[in-house]
Amino acid sequence: MSNVSSIHKPLRFLGGALMVIWAIIHFYLSTTLIKFLPLVSYFFILDAVLFLVGGAILLIGLRLLYIPTLILTWINYLLLTESRIYPAPILGKPLPAINSFVLGTFVLDIILIVVVTLTLLTSEK
């Protein structure tokens with residue numbers, strides 16, 4: 001067993017666990033936002049479900065869907081970054097200032113991009 005293939009399984013489990021944590025954070029945020037920004041709240045719920053599916057893909061080891069999972073992590077990272085600077089899609093205005101949840105999600109998005117990329121690169125063809 002090579003060093004590359006020996007880190008694949010721990011990376012899969014780490015990525016799956018981080019995606020589940022990401023989903024839990026967004027389910028929590030959706031419950032607090034539903035009164036003020038229902039559209040954003042519904043987006044968070046949909047996004048959290050997608051991240052649960054992505055986490056399951058990594059935990060199961062379904063290599064065929066690693067690339068769509070990586071694309072999902074990139075899209076979320078780019079949306080988070082873009083919506084703090086430019087008008088958020090659909091809302092037409094930048095989202096509120098940066099807070100601890102935004103910073104935590106930003107860091108988690110970057111870590112997930114790295115972990116999912118490494119998972120994809122270490123998977124056997």
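Predicted, not measured: the structure shown is a model, and the values here were computed from it. (Residues numbered from 1 in each chain as written. Predicted model: local features only at pLDDT ≥ 70, side-chain atom pairs only at ≥ 80, totals over all residues. Heavy atoms only, no water.)

1. Quick notes on the overall build of the protein chain
So, point 1. Within the protein chain, the regular secondary structure consists of four helices and zero strands.
So, point 2. Along the protein chain, helices (α) and strands (β) appear in the sequence α-α-α-α when read from the amino end.
So, point 3. Taking the principal axes of its C-alpha atoms as reference, the protein chain extends roughly 50 × 25 × 25 Å.
So, point 4. In the protein chain, buried positions account for 36% of the 125 residues.
So, point 5. By sequence separation, contacts in the protein chain at least 24 residues apart represent 70% of the contacts at least 6 residues apart.
So, point 6. On the protein chain, roughly 7500 Å² of surface is accessible, and the fraction owed to carbon and sulfur atoms is 78%.
So, point 7. Charge-centre separation for the protein chain: the mean point of 7 positive side chains lies 6 Å from the mean point of 4 negative side chains. (Helix = DSSP H or I, 4+ residues; strand = E, 2+ residues; numbered from the N terminus. Buried < 20%, exposed > 50% of the residue type's maximum accessible area, 1.4 Å probe, protein only. Contact = heavy atoms within 4.5 Å. Areas by Shrake-Rupley, 256 points an atom, 1.4 Å probe, with all protein chains shown as cover. Lys, Arg positive; Asp, Glu negative; His and termini not counted. Charge placed at Lys NZ, Arg CZ, Asp CG, Glu CD.)

2. What to know about the layout of surface pockets
So, point 1. If you add up the space inside the largest pocket, you get close to 660 Å³.
So, point 2. Lining the largest pocket we find 28 residues, and of these V40, F43, F44, R84 and L95 sit closest to its centre.
So, point 3. Counting residues per element, the ones that place at least two in the lining of the largest pocket are α1 (3-33), α2 (38-60), α3 (66-85) and α4 (100-122).
So, point 4. Top contributing element to the lining of the largest pocket by residue count: α2, with six residues. (1 Å grid on protein atoms, 1.4 Å probe; cavity = no way out; pocket = protein on both sides within 12 Å on 5 of 7 lines; lining within 4 Å. Points joined across faces, edges and corners; volume = space filled by probe spheres on them.)

3. Description of the confidence of the model for the protein chain
So, point 1. Per-residue confidence for the protein chain averages 89 on the pLDDT scale, and 94% of its residues sit at or above 70.
So, point 2. Mean pLDDT in the protein chain bottoms out at α1, which sits at 90, and peaks at α2, which reaches 93. (pLDDT = per-residue confidence, 0-100.)

4. Side note on α3
So, point 1. Taking 1.5 Å per residue as the helical rise, α3 with its 20 residues ought to reach 28 Å, and the 29 Å between its terminal C-alpha atoms agrees with that figure.
So, point 2. Taken as a whole, α3 has its buried residues at Y66, T69, L70, L72, T73, N76, Y77, L80 and S83. (Expected span 1.5 Å × (residues − 1).)

5. Observations concerning the packing of aromatic side chains
So, point 1. For the structure shown, the criterion picks out five aromatic pairs.
So, point 2. Here W22 and F51 contribute two aromatic rings whose centre-to-centre distance is 3.7 Å and whose plane-to-plane angle is 15 degrees, an arrangement assigned as stacked. Highlighted residues: W22 in helix α1 and F51 in helix α2, separated in sequence by 29 residues. Summarising the burial analysis for this pair, W22 and F51 share the class buried. (Phe/Tyr/Trp six-rings, centres within 6.5 Å; stacked < 30°, edge-to-face > 60°.)

6. Some words on the nonpolar core
So, point 1. Among the nonpolar cores identified, the biggest contains 14 residues, and M19, W22, F51, L58, L108 and L112 are the most heavily contacted of them.
So, point 2. Elements with a contribution of two residues or more to this core: α1, α2, α3 and α4. (Core = buried A, V, L, I, M, F, W, Y, C linked by side-chain atoms within 4.5 Å.)

7. Concerning the packing of α2 against α3
So, point 1. Running from N to C, α2 and α3 point in directions that differ by 145 degrees, and their axes come no closer than 10 Å. Taken as a pair, α2 and α3 cross one another with a handedness that is left-handed. Where α2 approaches α3, its residues F43, D47, L50, F51, G54, I57 and L58 are matched on the opposing element by Y66, T69, L72, T73, N76 and L79. (Axes fitted to C-alpha atoms, helices over the stretch in contact; angles between N-to-C directions. Left-handed = near helix turned anticlockwise from the far one by under 90°.)

8. Regarding α2
So, point 1. For α2, built from 23 residues, the straight-helix expectation of 33 Å at 1.5 Å per residue is met to within 8% by its first-to-last C-alpha distance of 33 Å.
So, point 2. Listed in full, the buried residues belonging to α2 are V40, S41, F44, D47, A48, F51, G54, G55, I57 and L58.
So, point 3. Downstream of α2 by one or two residues, G61 has phi in the positive range, about 90 degrees.

9. Thoughts on the side chain of H8
So, point 1. Relative to the elements of secondary structure, H8 occurs in helix α1.
So, point 2. Taking relative accessible area as the criterion, H8 reaches 6% and is therefore assigned buried.
So, point 3. In terms of polar contacts, H8 uses its side chain to reach the side chain of T122, at 3.1 Å.
So, point 4. Not counting chain neighbours up to four residues away, the residues in contact with H8 comprise R63, Y66, T119, T122 and S123. (Polar contact = N/O pair within 3.5 Å; in protein donor to acceptor, adjacent residues only side chain to side chain.)

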